[in-house]
Amino acid sequence: MTLDVTELTIRFGDRVVVDRLTFSVPDGARLGIVGESGSGKSLTTLAVLGLLPDRAEATGSVRLDGEELLGLPERRLARIRGRRIGAVFQDPLTSLDPLRTVGDQLAEPLRLHGLASRREARAEALRLAALVRLPEPEQAVRLYPHQLSGGQRQRVGIGAALAASPGLLLADEPTTALDVTIQAEVLDLFDRLVAETGASLVFVTHDLAVLARVCTDVLVLADGRAVETGSVERLLAAPQHLVTAALVAAARATSWTPAEGEA
Amino acid sequence: MSATWLRELLRRPAGAFGAAVLVLLVLCALVSLVWTPQDPFATDPFHRWQGPTAAHPFGTDGTGRDILSYVFAGTRTTVLVAVLSAAVAAVVGVVLAALGALGPRRLREPLAVLIDVLIAFPVLLIAIMLSAVLGPSLGVVVIATGIGFGVNIARVSRGEIRRVARTGYVLAARAAGLGPVRTLTDHVLPNTAPVLIVQLSLSAAVAVLAEAGLSFLGYGAPPSTPSWGRLLNDLQDYVTLYPLTVIWPGLAITVTVLAFNLFGDALREATDPRLVRSRSERTR
Amino acid sequence: MLRFLATRVALLLLGLLVAAVLIFAVLRVLPGDVAQVVGGTQASAAQVARIRSELGLDRPVVLQFLDWIGGVARLDLGRSLVTGSPVAAELGQKLEVTLPLAGLSLLFGLGLGLPLGVLSAVLHRRAGGFLIAAAAQLLAAVPVVFAGVLLILLLGSWLHLLPVQGFPLDGWRQPGRAFASLILPALTIGVVEGAVVLRFTRSATLEALGQDHVRAAAARGMTLNRALVVHGLPGVLLSVVSVIGLEIAALLVGAVVVEQLFQLPGVGRMLVADVGNRDLVKVQSELLVLTGLILVVGAVVDVVHRLVDPREREAA
C-alpha cells in the first residue's frame, strides 16, 4: 500500500507545527521519521489517521493508494483506520483500555470491520496473542492490561494494529517507554511481522539507533520541516544536516550502531 | 504566586466576572453600613406587596419593607458570613491536613478515619445539630461551614501538602535544621497556597448557600440582622400570590454563589501550572 | 475480595461509632446541663430535676452513651421527651417518605447530569456544549429553596402539572398520589444536584476525550465519538460512581430543606421540628440515622467500585 503526503501543513491557530511536509512511502517500503520532541513527527502520523486534536488544522494532501484522506468525513476515516492503516502508539499502558481484557482489544479491529463474529474473534485473539509471542496466550487473552508488563502490553498494541492485516502500519515511538532490553525484543517482533505481512511501515522515533533496526529509509524532521531524507546507510555514514549529525552522534553515544555507521 | 496569576485570572471571562461581582458585593456591604436607599426595617402598612415602582424598584414585602434596601443591607451579612466561614474553614482544614500529612505517625491513620467520617456530616446537618444546643445564630452558620467545609479542605490539601513536603527544597530546608512548624509556615503553606485559595473561594460559596438554607429552616440570622436567606423564607410563603418579590433575594444569593464558584474555578486554572502546561503540550 | 469486604465493614462500623460519639458529644456533653436545655429557660427547678432523672442524666456520661448505642443496636431509639412515643417507630414512618424522595432525587440528578455532562463535553467546541455547561454552572449556584420556589411557580402554579405541596395522609396506600407528590420535591433536588453531577461528568468526559486509549481505539477502526462511548464512558461512569457517596450527603441535606418547603412528612422535617422542641433524644437518633445512611451508601459505593474496576478487583 502506498502513502503519499504532499505539502502537509498543520496549524494550531497561528502556530505552524508541521510545514509543507512532503514524502511518500511506496508499497512495502519502510520509512523512519526521526526528529526531536516537538518537531511535529507525532502530529504527522495523527494527521494520516485523521485523529488530530480538535484545535489542529491540517491542509495539503494525504493519499492512501491514491485516495485522498484529508477532509474525509469521520465515518469514512473510521472504516480505513484499523483496516487499511494500523497504528501503534507510544505509551502501551495508557494506549490500552484498562477496563477491557487483552483478548477483547486484540480482536477489536476484526469485530469493528465485520471480519469476525463474536465467536471467531475469540479464536482470532488467541492467534494474535501467539503471533506477537505473548507468553501463555490462553491465559493472556483473559488478562487486563495492568496485569501485563510494559513489553507485553506493547505486544498487545502491535497485535491489535496488525489484526485486520492493514497494508500500512504507523508506529509512533512504540519502544520509547520500554527498557532497553525489552526494546530490542519488540523491535525484532516489528521487523519480523512487517516482513511477514509485507505491509508498508512508517516508524516515528527520536532515536536513530532504534530506527536503523527496522527501517530502510529516513526522513529527518526539525521544527516541522523535512531537513534531510535518504537511505539509513547514507544518513548514518554522511549526515548532511546539523540536526541529522546531532541525532547520529546521540545514537552512537547512547547505544549500538550498525557496523557500517562506524568509520 | 505573583501578578502573573492575577492577570491570568482576570483574562478569563469567568474570573473577571467573579472578581467584579465580589468587589461590588464588598462595596455594597461597606456602603450599606452608612447608607441604604431606605430604612431596610421600616414597615409601611399602606404599601404592602407593592410591585416594582419608582419608590420601590424591587417592590415591598408583606409588612411594607422596601425589598431593595433590605437586599442591599443583606450584603453585609453575606460578606461577613462568607469571610468568617472561609477563615474558620481554612484554619480547620490546614490544621487537620498538616497533622494528617506531617504530624506524628501514630496520628495520621486515626485522622484519616476521622476526616472520612466527618465528610459524612454535611454543613447543614452540623449547623442543625449545633443549633439544637446553641440556639440559632450566624455564629452557628460560621462554625458549621468552617468545620464541615474545613474537612473537605483537609482532604483535598492533605495530598498536596504531602507532595510539597517531599520536594527537594523542603527536604533541604529540613536537613538544614528548620523545625517542622517553621517548615510548614515558611515553605509548605506558601507552596500549597494556590490549592488553598481555590478551596476558600468554594467554601465561601458553600457558606452563603448554607446561610440561605439555615435561615429558611429558621436557624440563621436573628430578625435584627438583614439576611437574604430569611427574606427568601419570608417571601416564599406567598410565592404564588406575589411571585415577583421572591426573585430578588433568590437572585442575589445565586449571583453571589455563582461569583464565588467562577472565581474559584478561574483561580484554579490560572494557578495550576499543570493545567496551563498540559494545554499546550498535550499534543506534542 | 473477602478480606477487602471485611476491612470495609469494620471501617464502616468504626465510622458509625465515631459519628455516634461526635453526635453524643455535641448534643449531650457540649451544652453542660442538658436538662436545662431540654426544659428551656422557663423551666422550674423541679421540672429540670424531673427531666434529669427521666433522661438518666444523673448517671455517668459513658453509661448514658452506652445505653443509647445499646438501644440503637436493638433498634430501640428511646422515647420522645415531648410526646413519650417511641422514636424508632416514627422514624421508620418518616423514612418511608425520605428514602423514596432521596432515591427519586438521585434518579433525576443522574438522569439529567450524566447524559448532559457527556453531551456538553463532546460538544465542548460548539455553542451547545458551552450553553449546557454554563446552565449547569448557574444551577449549581441556586439555593435549593429558590430552585423549589421557581419550580413551584413554573410547573405547579402556571402549568398546573403537579401537586405542589403536602403528602397524602394515608401515605403509600394510594401509591400514585404519594408518588406524584414526591415528583416536584425530587425534581428540585435533582436539578440542583444534577448540575453538580453534570459538571463532574463533563470534566471526566473531557479528560476521557484526551485519553490515549480512546484515540488508540479510534485508530483500530471507529469514529472518535464511538470510541469515546465504548472505551471512554465506562471509565467516566466509574469515577461518577465514586462520588455518589458524597452526592447522597447533598441529597439528604436537600431533602431536609425540600421537605420543609413542600411540607412532606419526612425525616428532615421531623428533625427540624424536634430541634425546635429541643427534643434531644430524638434529634440525636435522627442525626445518627442520616449520617449512618451517608456512611453506608459510601461503603456500598466503595464495594461496587471495587467489584467493577478490574484494576482494583485484583488488588482486593
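Residues numbered from 1 in each chain as written. Chains lettered and ligands numbered in written order. Predicted model: local features only at pLDDT ≥ 70, side-chain atom pairs only at ≥ 80, totals over all residues. Heavy atoms only, no water.

Participant: Break down the overall build of chain A for me, with residues and values.
Facilitator: If you tally the helices and strands in chain A, you get 10 helices and 10 strands. Relative to a compact globule of 263 residues, whose C-alpha radius of gyration would be 18 Å, chain A shows 18 Å and is just as compact. Principal axes of the C-alpha set define a box for chain A whose edges measure 55 × 45 × 30 Å. Residues counted as buried form 54% of the 263 residues belonging to chain A. (Helix = DSSP H or I, 4+ residues; strand = E, 2+ residues; numbered from the N terminus. Rg over C-alpha atoms; globule rule 2.2 N^0.38 Å. Buried < 20%, exposed > 50% of the residue type's maximum accessible area, 1.4 Å probe, protein only.)

Participant: Account for the overall build of chain C, with residues named and values stated.
Facilitator: Across its full length, chain C holds 13 helices and 0 strands. Counting from the amino terminus, chain C carries its helices and strands in the arrangement α-α-α-α-α-α-α-α-α-α-α-α-α. Principal-axis analysis of the C-alpha atoms gives chain C an extent of 80 × 55 × 35 Å. Taking as baseline every contact in chain C between residues at least 6 positions apart, the subset at least 24 positions apart corresponds to 72%. (Contact = heavy atoms within 4.5 Å.)

Participant: Describe the interface of chain C and chain A, listing the residues and the values that go with them.
Facilitator: In this assembly, 24 residues from chain C lie in contact with 30 residues from chain A. Carbon and sulfur atoms supply 59% of the area that chain C and chain A bury against each other, a total of about 2,400 Å² over both sides. Among the residues of chain C in contact with chain A, Arg215(C), Ala219(C) and Arg220(C) are the three that bury the most area, contributing 28% of the side total. Between Glu108(A) and Arg220(C) there is a salt bridge, and its shortest N-O distance comes to 2.6 Å. At the surface where chain C touches chain A, the tally comes to 12 residue pairs in polar contact (both at pLDDT 80 or more). Counting residues per element, the ones that place at least two in the side of chain C that touches chain A are helix H9 (212-219), helix H10 (224-262) and helix H13 (310-315) of chain C. Examining the composition of the side of chain C that touches chain A, we find that 7 residues originate from one element, H10(C), more than from any other. (Buried area = accessible area lost by both parts, 1.4 Å probe. Salt bridge = Lys/Arg side-chain N within 4 Å of Asp/Glu carboxyl O. Polar contact = N/O pair within 3.5 Å; in protein donor to acceptor, adjacent residues only side chain to side chain.)

Participant: Outline the sheet that holds strand E2 (residues 15-25) of chain A, listing residues and values.
Facilitator: Residue and element names in this part refer to chain A. Here we have 4 strands laid out as an open sheet, ordered E2-E1-E4-E5, and antiparallel in their pairing. Pairing within the sheet leaves two strands with one partner each, and these edge strands are E2 and strand E5 (67-68). Against the sheet, helix H1 (residues 41-49) engages strand E1 (3-12), E2 and strand E4 (56-64), with an angle of about 110° to E1. (Pairing = 2+ DSSP bridges. Axes fitted to C-alpha atoms, helices over the stretch in contact; angles between N-to-C directions.)

Participant: An account of the interface of chain B and chain C is needed here, citing residue identities and associated values.
Facilitator: How big an interface is tends to be stated in terms of accessible area lost as the parts join. Between chain B and chain C, the contact holds 39 residues from the first and 45 residues from the second. The junction of chain B with chain C conceals about 3,500 Å² of combined surface from both sides, 85% of it contributed by carbon and sulfur atoms. Connecting chain B to chain C are 1 salt bridge. Close ionic contact of Arg199(C) with Asp265(B) constitutes a salt bridge, the shortest N to O distance being 2.7 Å. Seen at the junction of chain B and chain C, the total is 3 residue pairs in polar contact (both at pLDDT 80 or more). Among the secondary structure elements, those contributing two or more residues to the side of chain B that touches chain C are helix H4 (105-119), helix H5 (123-134), helix H8 (180-217), helix H9 (228-236) and helix H10 (243-271) of chain B.

Participant: Go over the UniProt feature "transmembrane region" (unreviewed entry) in chain C with me, naming the residues and quoting the values.
Facilitator: Residues and elements named next belong to chain C. Listed under "transmembrane region" (unreviewed entry) in the UniProt record, and renumbered for this structure, are residues 101-123, 130-158, 178-198, 236-258 and 287-308. Secondary structure within residues 236-258 divides into 100% helix and 0% strand; the distance between the first and last C-alpha atoms comes to 30 Å. Measuring from the first to the last C-alpha atom of residues 287-308 gives 32 Å, for a span that is 100% helix and 0% strand. (UniProt positions renumbered as here; feature names shortened; annotations may be inferred.)

Participant: Break down the packing of helix H3 (residues 67-102) of chain B against helix H6 (residues 138-165) of chain B for me, citing the residues and quoting the values.
Facilitator: When two helices pack together, their arrangement is captured by the angle between the axes and the distance separating the axes. Residue and element names in this part refer to chain B. It is the contact of H3 with H6, at a shortest axis distance of 5 Å, that shows an interaxial angle of 40°. It follows from the interaxial angle that H3 and H6 lie oblique. In this structure, H3 crosses over H6, and the sense of that crossing is right-handed. A per-class count over the contact of H3 with H6 returns 21 nonpolar, 8 polar and 2 charged. (Parallel < 35°, antiparallel > 145°, perpendicular 65-115°, else oblique. Left-handed = near helix turned anticlockwise from the far one by under 90°. Nonpolar A, V, L, I, M, F, W, Y, C, P; charged D, E, K, R; others polar.)

Participant: Could you give me a rundown of empty space enclosed by the protein, with the residues and numbers involved?
Facilitator: Under the defined criterion, the tally for this structure stands at 2 cavities of 30 Å³ or more. Taken as a whole, the largest cavity holds about 120 Å³ of empty space. Elements with a minimum of two residues in the lining of the largest cavity: strand E6 (85-88) and helix H6 (150-162) of chain A together with H9 of chain C. The element that contributes the greatest number of residues to the lining of the largest cavity is H6(A), accounting for 5 residues. Residue classes in the lining of the largest cavity are distributed as 9 nonpolar, 3 polar and 2 charged. The volume enclosed by the second largest cavity comes to roughly 30 Å³. Lining the second largest cavity we find Gly82(A), Ile85(A), Gly86(A), Ala87(A), Pro109(A), Ala160(A), Ala161(A), Ala216(C), Ala219(C) and Arg220(C). If you list the elements that add at least two residues to the lining of the second largest cavity, you get E6 and H6 of chain A together with H9 of chain C. (1 Å grid on protein atoms, 1.4 Å probe; cavity = no way out; pocket = protein on both sides within 12 Å on 5 of 7 lines; lining within 4 Å. Points joined across faces, edges and corners; volume = space filled by probe spheres on them.)

Participant: Kindly report on helix H11 (residues 267-276) of chain C, identifying the contributing residues and their values.
Facilitator: Burial analysis of H11(C) places 7 of its 10 residues in the buried class, the great majority of the element. Of all the positions in H11(C), only Val267(C), Gly268(C), Met270(C), Leu271(C), Val272(C), Asp274(C) and Val275(C) are classed as buried. Structurally, H11(C) contributes buried residues whose contacts are with H5 and H8 of chain B together with helix H5 (87-122), H10 and helix H12 (280-308) of chain C. Just downstream of H11(C) lies Arg278(C), where phi reads positive at about 55°.

Participant: Describe the confidence of the model for chain A, listing the residues and the values that go with them.
Facilitator: Here chain A averages 88 in pLDDT, and 96% of its residues register 70 or above. The low-confidence segment residues 257-263 of chain A (pLDDT under 50) makes 8 contacts with residues lying over four places distant or belonging to another chain. (pLDDT = per-residue confidence, 0-100.)

Participant: How would you explain the side chain of Asp172(A) if you had to name every residue and give the values?
Facilitator: Mapping Asp172(A) onto the fold places it in strand E7 (residues 168-172). An unpaired buried charge is present at Asp172(A): no salt bridge exists, and Arg215(C), the closest side chain of opposite charge, is 5.5 Å distant. Here Asp172(A) is in contact with Ser42(A), Thr45(A), Val88(A), Phe89(A), Gln90(A) and Val204(A), once residues within four sequence places are set aside. (Lys, Arg positive; Asp, Glu negative; His and termini not counted.)

Participant: Got a sec to walk through the sheet that holds strand E8 (residues 200-205) of chain A? Specific residues and values, please.
Facilitator: Residues and elements named next belong to chain A. Spatially, the 6 strands line up as an open sheet ordered E6-E7-E8-E3-E9-E10, and their pairing is mixed. This sheet does not close on itself; its edge strands, each paired only once, are E6 and strand E10 (225-231). Put simply, the sheet's adjacent strands are angled 15° from each other on average, direction ignored. Against the sheet, helix H7 (residues 180-197) contacts strand E3 (30-35), E6, E7 and E8, and its axis sits at roughly 160° relative to E8.

Participant: Requested: an account of the pattern of salt bridges, with residues and values cited.
Facilitator: Taken as a whole, this structure holds 25 salt bridges over all chains when the rule is applied. In this structure, Glu160(B) and Arg163(B) form a salt bridge, with 2.9 Å as the shortest nitrogen-oxygen distance. With Glu160(B) and Arg163(B) both in helix H6 and 3 residues apart, this pair spans about one turn of that helix. Each of Asp19(A), Arg20(A) and Arg225(A) takes part in a single network of salt bridges with overlapping partners.

Participant: An account of the nonpolar core is requested, with residue identities and associated values reported.
Facilitator: Membership of the largest hydrophobic core comes to 155 residues, with the highest contact counts inside it found for Leu217(B) and Leu27(C). Here this core gets 14 residues from one element, more than from any other, and that element is H8(B). Contacts of Leu27(C), omitting those with residues within four sequence positions, involve Met129(B), Ala132(B), Val133(B), Val34(C), Leu280(C), Val283(C), Gln284(C) and Leu287(C). Listed in part, the 51 residues of the second largest apolar core include Leu128(A), Leu169(A), Ala209(A) and Val210(A). (Core = buried A, V, L, I, M, F, W, Y, C linked by side-chain atoms within 4.5 Å.)

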